[in-house]
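One letter stands for each residue in the lines below.
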Amino acid sequence: MYGTALRFKDSSDAGKDPGFRVLALDGGGIRGLFTASFLSTLEDLGGGRIGDHFDLIVGTSMGGIIALALAYGTPARTVLDLFLEKGRLVFSRPRRLGMLLRPKYDNRVLAATLREFFGSKVLNDATTPVCVTSYELENSYPRVWKDEHAADLVPAGDEPAWKVALASSSAPIFFPGTQVSEGDSHVDGGLFANNPTLIGLTEAVRYFGQPLAMIRILSVGAGERAERIPYEKAKRMGVWFWRTAAIEHMLIAQARISHEIALRLLDTEQYLRVNVPLERPYPLDDYDAAKNLIEPGGQAARVLYPDLIRRFFSSAATRGREQKTAVRALRLRNPSGHHS
């Protein structure tokens, strides 16, 4: 559909095994403009598709939308254009007085946008193996949606991509919860994995059988800075003051502990975290502020490109796709032969 340009080639490590490459994309609301700009600029510089160069792509919330798009082979520029075109509409007409009892926004524009963008695609249509997070409220349990890329996964790759993307990006307070299947109830996966690096690392080890020494992870954030709260203020803060500060600090705390754990499990050549410090806290729904992250995203890509091309874009990724192809063939021969 989009072609298969496979540039991004650097010959400095010729002959070296590129390892099992994972791309992990944070949530962050409309601040995902940073992520989309970073990835789009990389594709412009390298002349290829991001999804062709990773064995697994994982994402949360806005990062989950990007992850699904890249896994289907969509150019990152197309995702960036989508965010620019629809972002203001998605976060328009906020409820004011009604926010105490209802979400800040309804999700009709977001749902329609995702349905139009992904069309009839299901998870198994992804070319690159993919994982997307949400949090299931009926059973109070984290959910990692994925295509059928491992033989011992329960078949669940027939879920519509737009529904999974909506579930992953249904941030509490901002959007209502949503259903993927009858009887379930989902909100944003940022409640447990706003930075999904450890989801990708675990998937690579458990379901792709990769030793830690073979795993390479590129983790991309969406801007980070919570309000600084000195002790004198913190000891007086009540529900009204914590209503947004708590969310921002929990997201950052989870992202940072995931980063610190990854640093301790992987060496510096195996793991790279890309993010941008914000000069002030940017709300997850501030479209005008988030547009200021487009240039920093592009600049980060231009600065890091020489290192990234060597570490992540030296060749097409094959391990993830080959395993998925083998699983598909196995399922066709023995449709009931899966494990729970």
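To be clear, the structure that these remarks concern was listed above.
**Student:** For this particular structure, what's the right way to read the pattern of salt bridges?
**Tutor:** Opposite charge on two side chains makes pairing possible when the charged atoms of those side chains draw close. Per the counting criterion, the structure on display carries 19 salt bridges. In this structure, the salt-bridge partner of arginine 331 is glutamate 148, at a minimum N-O distance of 2.8 Å. Here glutamate 148 lies in the loop between strand S4 (141–146) and helix H5 (161–168) and arginine 331 lies in helix H12 (residues 319–333), a separation of 183 residues in the sequence. For the pair arginine 331 and glutamate 148, one class covers both residues: buried. For the salt bridge of lysine 235 with glutamate 232, the shortest nitrogen-to-oxygen distance reads 3.2 Å.

**Student:** What is the right way to look at the packing of helix H1 (residues 32–46) against helix H3 (residues 76–90) in this model?
**Tutor:** The relative placement of two packed helices comes down to the angle between their axes together with the axis-to-axis distance. At a minimum axis distance of 8 Å, the contact between H1 and H3 shows a crossing angle of 150°. In terms of their interaxial angle, H1 and H3 are classed as roughly antiparallel. In this structure, H1 crosses over H3, and the sense of that crossing is left-handed. On H3, the residues touching Gly32, Leu33, Ala36, Ser37, Leu39, Ser40, Glu43 and Asp44 of H1 are Ala76, Arg77, Leu80, Phe83 and Leu84. Of the residues belonging to the contact of H1 with H3, the class tally is seven nonpolar, three polar and three charged.

**Student:** When you look at helix H9 (residues 239–265) in this model, what are you seeing that I'm missing?
**Tutor:** For an α-helix, the turn length of 3.6 residues means that residues three or four places apart are oriented alike. The end-to-end C-alpha separation of H9 is 38 Å, in line with the 39 Å expected for 27 residues at 1.5 Å each. Of all the bends in H9, the largest measures some 35° and sits at alanine 245. Buried within H9 are the following residues: Ala245, Glu248, Leu251, Ile252, Gln254, Ala255, Ser258 and Ala262. At its buried positions, H9 is contacted by helix H6 (190–193), helix H7 (197–206) and strand S7 (271–274).

**Student:** Mind showing me how you'd approach the packing of aromatic side chains here?
**Tutor:** In this description, a pair of aromatic rings is defined by centroid distance and the angle of the planes. A full pass over the atoms with the stated rule returns eight aromatic pairs. The interplanar angle of 45° and the centroid separation of 5.6 Å between the aromatic rings of phenylalanine 91 and phenylalanine 175 together place this pair among those described as tilted. With phenylalanine 91 in the loop between H3 and helix H4 (108–118) and phenylalanine 175 in the loop between H5 and strand S5 (186–188), this residue pair connects regions lying 84 residues apart in the sequence. One residue, lysine 121, lies across the ring of tyrosine 72, its end atom 5.7 Å from the ring centre. Directly above the aromatic system of tryptophan 145 lies the positively charged group of arginine 143, at a separation of 3.6 Å from the ring centroid.

The rules behind the values
- Residues numbered from 1 in each chain as written.
- Predicted model: local features only at pLDDT ≥ 70, side-chain atom pairs only at ≥ 80, totals over all residues.
- Heavy atoms only, no water.
- Salt bridge = Lys/Arg side-chain N within 4 Å of Asp/Glu carboxyl O.
- Helix = DSSP H or I, 4+ residues; strand = E, 2+ residues; numbered from the N terminus.
- Buried < 20%, exposed > 50% of the residue type's maximum accessible area, 1.4 Å probe, protein only.
- Axes fitted to C-alpha atoms, helices over the stretch in contact; angles between N-to-C directions.
- Parallel < 35°, antiparallel > 145°, perpendicular 65-115°, else oblique.
- Left-handed = near helix turned anticlockwise from the far one by under 90°.
- Contact = heavy atoms within 4.5 Å.
- Nonpolar A, V, L, I, M, F, W, Y, C, P; charged D, E, K, R; others polar.
- Expected span 1.5 Å × (residues − 1).
- Bend = angle between axes of the 7 residues up to and from the residue.
- Phe/Tyr/Trp six-rings, centres within 6.5 Å; stacked < 30°, edge-to-face > 60°.
- Lys NZ or Arg CZ within 6 Å of the ring centre and 35° of its normal.

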